Amino acid sequence: MGRVVVIGAGIVGCALADELTQRGWTEVTVLDQGPLFAAGGSSSHAPGLVFQTNPSRTLAGFAAYTVGKLRGLALDGQPCFRQVGGLEVATTPERLAELARRHGFATAAGIDARLLDPAECARLHPLLDPGAVLGGLHVPTDGLAAPVRAGEAQARRASGRGARFLARHTVTGIAQDRGRVSGVHTDRGFVPADVVVCAAGFWGPDVGAMAGVTVPLQPLAHQYARTGPVPALAGAVSEASAPILRHQDQDLYYREHGDRLGIGSYGHRPMPVRAAEAAAHADSCLPFTPEDFAEAWKQSLVLLPGLAGTEVADGINGVFSFTPDGMPLMGESRELPGFWVAEAVWVTHSAGVARAMAEWLVEGQPRTDVSECDLHRFTDVQLSPEYVAERGIAQFVQVYDVVHPLAPLAGPRPLRVSPFVARQQELGAVFGESRGWERPLWFAANAPLAAELDLPPRDAWSARHWSPIAVAEARATRERGGLYDLTPQTRIEVAGPGAAGFLRELTTGDVGPVGGVVDALLLRADGGVRGIVTLARLGEQLFQVGAGPLDVDWFRRHLPDDGSVQLRETTAGTCGIGLWGPRADEVLASLAAPDARGGARCSVGGVPVTVLRTAPVGEPGWELHTDAACGLRLWDTLRAAGEEHGLVAAGQHAYDSLRLEAGTPAWGLDVTAELDPVEAGLQAAVRADGGFLGRAALAGRRHERRLARLTLDDPAAIVMGREPVRVDGRPVGHVTSAAFGPTIGRAVALAWLPADLAEPGRAVTIDWFGQPVAATVVREPGVPVRR
Ligand code: FAD
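Model, not experiment: these values are computed from the prediction. (Residues numbered from 1 in each chain as written. Predicted model: local features only at pLDDT ≥ 70, side-chain atom pairs only at ≥ 80, totals over all residues. Heavy atoms only, no water.)

Another point: the overall build of the chain. For the chain, the count of helices and strands is 20 helices and 42 strands. At 27 Å, the chain has a C-alpha radius of gyration in line with the 28 Å of a compact globule built from 787 residues. Summarising its shape, the C-alpha atoms of the chain cover approximately 85 × 65 × 50 Å along the three principal directions. Considering the chain as a whole, with its 787 residues, one finds that 58% of them fall into the buried category. A sequence separation of at least 24 residues applies to 73% of the contacts in the chain between residues at least 6 apart. (Helix = DSSP H or I, 4+ residues; strand = E, 2+ residues; numbered from the N terminus. Rg over C-alpha atoms; globule rule 2.2 N^0.38 Å. Buried < 20%, exposed > 50% of the residue type's maximum accessible area, 1.4 Å probe, protein only. Contact = heavy atoms within 4.5 Å.)

So this is what it looks like as structure tokens:
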């Protein structure tokens, strides 16, 4: 048990103190610069709407836990949560379809939800004009949190177990001793600590800076106003009884305050602020700017004509945090061990985040997968103040938008390009973005290949941000071969006398002698799969590791102290090309003679490359890695050699569809730490002998789930991921990723299912915009995998 200082007594700090002390960590001190518990941060003036439905199952899970917890909490007889339900309405056909999709998100997360017609919506909400809406989504368990009360109630419980809450203590510095956090300096003295958690809300970047830690969030002001008494609500006996209401087509939401209505708007111009600017005002709220609220009021009168008898009485431009991807920031800083962050958390997710943080601190890992929220998920270029500001503002603007899963990021772009970009542009590449990198999705130059295809029609939604050219590129890969830009994939060099032992201890793989290349897993202590990696032994003491973005951090944290292992992420200075397909061997053989077993260094067209035998798309072939400076020559060499074999340059969409046909799961999408190797179907990557992190836990795992492989029965049907899967109409799992299978001519999907429902031949349905789509569990989703 450590001494913990939590900076911030908002809803997050209070919830964390409660969760920590409940787990026996009672030496907890929560400091706030303001008074307790209306401390002056975002929680002090949040109206507390809790809508649980979210495309992210992680966030939906956090919200569901928050609801369950706050519903059982009261302070001096006053409830901390009113379960009035949540209603989202549609005023456009596009939104109506989106609500059906969101119904699927709720179902996949185990949240009860129902689609309603306009009359049913109006019956639920007294002010709503049924003629103004096309339908709605009702979640009966949503409701209203009382953030300050809920904070204080959790703080009292924590205090009862020994926690201290200190008002008017401003943290002015983070102390360090021998590379670890050792306490905090405040304007009223030093507080020693083994662990410091930054739960400082939109002050997070400032507190982070005291520790040398980048906390990538942008504070933005958001308007919230209250009307005067509304005649239609006259005589209201409780604070709120109608469901909380969202009118996303106009970026608006509503809740009752007795006989008044509260109106929140995201429709106004973005108002980025600095924490110090906001803190200069009472309660850290910027003054209300009525001119920015005019449109919100006009639109509110259309949706809720009963408001005509009243007007806006008061309002705030309240400030809270937006991250580049809209997700919270959680975890321990790499820069300063012992310094943790729980930032950019809505009231909605507060208790769920606090529970996961407490599990992480006390047990060493959260029980659920929180990788989407990991503090270290951004690359360096994504941490620049300009990037954080632009993306944070974009998140504010888009907060209620209908966002297509394949929609390309608007900006800032381009940030990182591979050395092949000029050639890709010549081929008419349509670029997507991934963690700051430009990635070709498909190439217009391959359009003639697509003209020969006879594909089933796609619906308007799934046809967006997609092209049949990707199918043509995938088929060409299966028939002849394809070149894929692998530059954005994370590459790590592990070297030194301890390197082999280190990789044996930290991964499930064994690369054996020099030249070996194997797929391996990174497991958590509980046996959950927290990474899928490729290990290549290039020398007795030298390895190249193909990894996921979060794995660098994991490797670094586990490095031995004795200096026997050196680790270097080489992604930025190097590049990679995937050369896969039945002709791949011939193409490479015409240029070099790599060791057919696996990893080797050789020269290709005069370029020194590391060549690795891999088959993620189910075709034999190679990855070729080299210095970024040599990349263009490597690309040109392979293109020239591939020409007589009919090799194509192929994009990310072709890659994804091929890997799904081959049944290759992607970590973070199909596999997370919530699955063990058996559940993920990856036990072949677990070596039989010797110890490694997570091995001890494997024997005790019950393998309750399976990553199942599905094909859709109707060749014209499509799903895209995150949809619920049903057996006999009952929701039992969800799709993790899906694509049209270019070889088998129908959609293929990976899905989490209960183990006893995942046997091949099992008939299931998948919700697609509210309609059931028939699918079947198959042993292999597509093609025989050739290595
Ligand atoms: P805060 O509540 O801001 O707490 C951080 C605390 O840290 C503050 O009390 C501050 O004083 C303290 N602190 C900072 N720096 C220091 C320091 N150096 N030393 C000591 N103490 C320090 N969310 C929802 O889920 N539903 C909603 O309906 C909703 N509506 C909102 C409406 C408005 C107008 C606003 C502004 C926000 C809304 N939010 C809503 C967002 C939500 O309020 C925040 O995301 C949440 O309250 C953040 O909680 P927190 O504990 O992280 O931060």
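A few words on the packing of helix α1 (residues 11–22) against helix α10 (residues 350–363). The interhelical angle for the contact between α1 and α10, taken along N-to-C directions, is 45°, at an axis separation of 8 Å. Between α1 and α10, the angle falls in the class oblique. Of the two possible hands of crossing, α1 and α10 adopt the one that is right-handed. Contacts between α1 and α10 involve I11, V12, A15, L16, E19 and L20 from the former and S350, A351, A354, R355, M357, A358, L361 and V362 from the latter. Grouping the constituent residues of the contact of α1 with α10 by class yields 11 nonpolar, 1 polar and 2 charged. (Axes fitted to C-alpha atoms, helices over the stretch in contact; angles between N-to-C directions. Parallel < 35°, antiparallel > 145°, perpendicular 65-115°, else oblique. Left-handed = near helix turned anticlockwise from the far one by under 90°. Nonpolar A, V, L, I, M, F, W, Y, C, P; charged D, E, K, R; others polar.)

Take the site of the ligand next. Near the ligand there are 35 residues, and of these D32, S42, S43, V345 and T348 occur at the shortest range. Within the backbone of V171, an N or O atom sits 2.9 Å from a nitrogen atom of the ligand. Alone, the ligand offers 1000 Å² of accessible surface; in the complex the protein occludes 97% of this. Tallied by class, residues from the shell around the ligand come to 20 nonpolar, 14 polar and 1 charged. Domain assignment of the residues forming the shell around the ligand places at least three in each of domain 1 (4–74 + 147–217 + 325–373) and domain 2 (78–143 + 219–319). (Near = heavy atom within 4 Å. Polar contact = N/O pair within 3.5 Å; in protein donor to acceptor, adjacent residues only side chain to side chain. Areas by Shrake-Rupley, 256 points an atom, 1.4 Å probe, with all protein chains shown as cover. Domains from an automatic or database assignment.)

What follows covers the UniProt feature "domain: FAD dependent oxidoreductase central" (unreviewed entry) in the chain. The positions UniProt marks with the feature "domain: FAD dependent oxidoreductase central" (unreviewed entry) are residues 363–418. What you have in residues 363–418 is 27% helix and 0% strand, and the ends, taken at the C-alpha atoms, are 40 Å apart. (UniProt positions renumbered as here; feature names shortened; annotations may be inferred.)

Right, let's talk about the environment of A499 for a bit. Relative to the helices and strands, A499 resides in helix α15 (residues 499–506). Taking the C-alpha atoms as reference, A499 lies 30 Å from T368; in sequence the two are 131 residues apart. Non-local contacts of A499, meaning those with residues more than four positions away in its chain, are made with V494, Q541, F543, S564 and V565.

Taken domain by domain, the chain holds domain 1 (4–74 + 147–217 + 325–373), domain 2 (78–143 + 219–319), domain 3 (407–486 + 573–626 + 635–659), domain 4 (490–570 + 673–702) and domain 5 (704–787). Each of domain 1 and domain 5 has a C-alpha centre, and these two points are 39 Å apart.

What follows is about the pairing of strand β19 (residues 260–265). Burial analysis of β19 places 5 of its 6 residues in the buried class, the great majority of the element. Sheet analysis places strand β16 (residues 218–227) next to β19, joined by 4 bridges and oriented antiparallel. Each residue of the ladder has a partner; that of A225, found in β19, is I263. Sheet topology places strand β18 (residues 252–257) next to β19; 6 bridges connect them, and they run antiparallel. Within β19, the position partnered with H257 by the bridge is R260. Linking two consecutive strands that pair antiparallel, namely β18 and β19, is a turn of 2 residues; a positive phi of about 60° is found at G258 within it. (Pairing = 2+ DSSP bridges.)

It is a general feature of regular strands that their side chains alternate between the two faces of the sheet. Taking burial as the measure, the 6 residues of β18 include 6 buried ones, the bulk of the element. Burial of the side chains of β18 extends over both faces: L252, Y254 and E256 are buried on one face and Y253, R255 and H257 on the other. Taken together, the 3 bridges between strand β17 (residues 244–247) and β18 define a ladder with antiparallel strand orientation. In the strand pairing of β18, L245 is matched with Y254. The hairpin formed by β17 and β18 contains 4 residues between the paired strands, and D251 there has a positive phi angle of roughly 60°.

For the rest of this paragraph, the subject is the sheet that holds strand β34 (residues 607–613). Ordered in space as β33-β34-β35-β32-β26-β36, the 6 strands form an open sheet in which the pairing is mixed. Looking at which strands have only one partner, the edges of the open sheet turn out to be β33 (600–604) and β36 (648–650). Within this sheet the neighbouring strands show an average axis-to-axis angle of 30°, counted without direction. As paired strands, strand β32 (residues 574–580) and strand β35 (residues 621–627) are joined by 7 bridges and run antiparallel to one another. Pairing of I577 across the sheet is with L624, part of β35. Set on the sheet, helix α14 (residues 468–479) makes contact with β26 (482–485), β32 and β36; between it and β36 the angle comes to about 125°.

Cis geometry is found at the peptide bond from G411 to P412, where omega equals -5°. Of note, the bond from R413 into P414 is cis; its omega dihedral lies within 30 degrees of zero at -10°. In this structure, R168 is a non-glycine residue whose phi angle is positive, near 50°. Within the element layout of this structure, R168 appears in the loop between β11 (164–166) and β12 (171–177). For H703, which is not glycine, the phi torsion reads 50° and is therefore positive. On the secondary structure map, H703 appears in the loop between α20 (695–698) and β37 (705–712).

With that settled, consider the nonpolar core. F165, V197, M330 and M357 are the most contacted members of the largest nonpolar core, which has 48 residues in total. Elements with a minimum of two residues in this core: β1 (4–7), α1, β2 (28–31), α3 (57–71), α6 (147–160), β15 (195–198), β23 (339–343) and α10. If near-sequence neighbours (up to four positions away) are discounted, M357 is found in contact with L16, V197, M330, G331, W340, V341 and A342. Grouped together as the second largest cluster of nonpolar side chains are 34 residues, A193, V213, V215 and V319 included. (Core = buried A, V, L, I, M, F, W, Y, C linked by side-chain atoms within 4.5 Å.)

Turning our attention to the pattern of salt bridges. Under the definition given, this model contains 47 salt bridges. Two residues, R568 and E493, come together in a salt bridge whose shortest N-O distance is 3.3 Å. Placement of the pair is R568 in strand β31 (residues 566–569) and E493 in strand β27 (residues 490–495), with a sequence separation of 75 residues. Assessed through its relative accessible area of 48%, R568 is described here as partly exposed. Residue classification places E493 among the partly exposed positions, given a relative accessible area of 23%. Here E679 ties to R701 by a salt bridge, and the two come within 3.6 Å at their closest N and O atoms. Taken together, the residues E679 in the loop between α19 (652–661) and α20 and R701 in the loop between α20 and β37 connect sequence positions 22 residues apart. Overall, the relative accessible area of 5% leaves E679 in the buried class. (Salt bridge = Lys/Arg side-chain N within 4 Å of Asp/Glu carboxyl O.)

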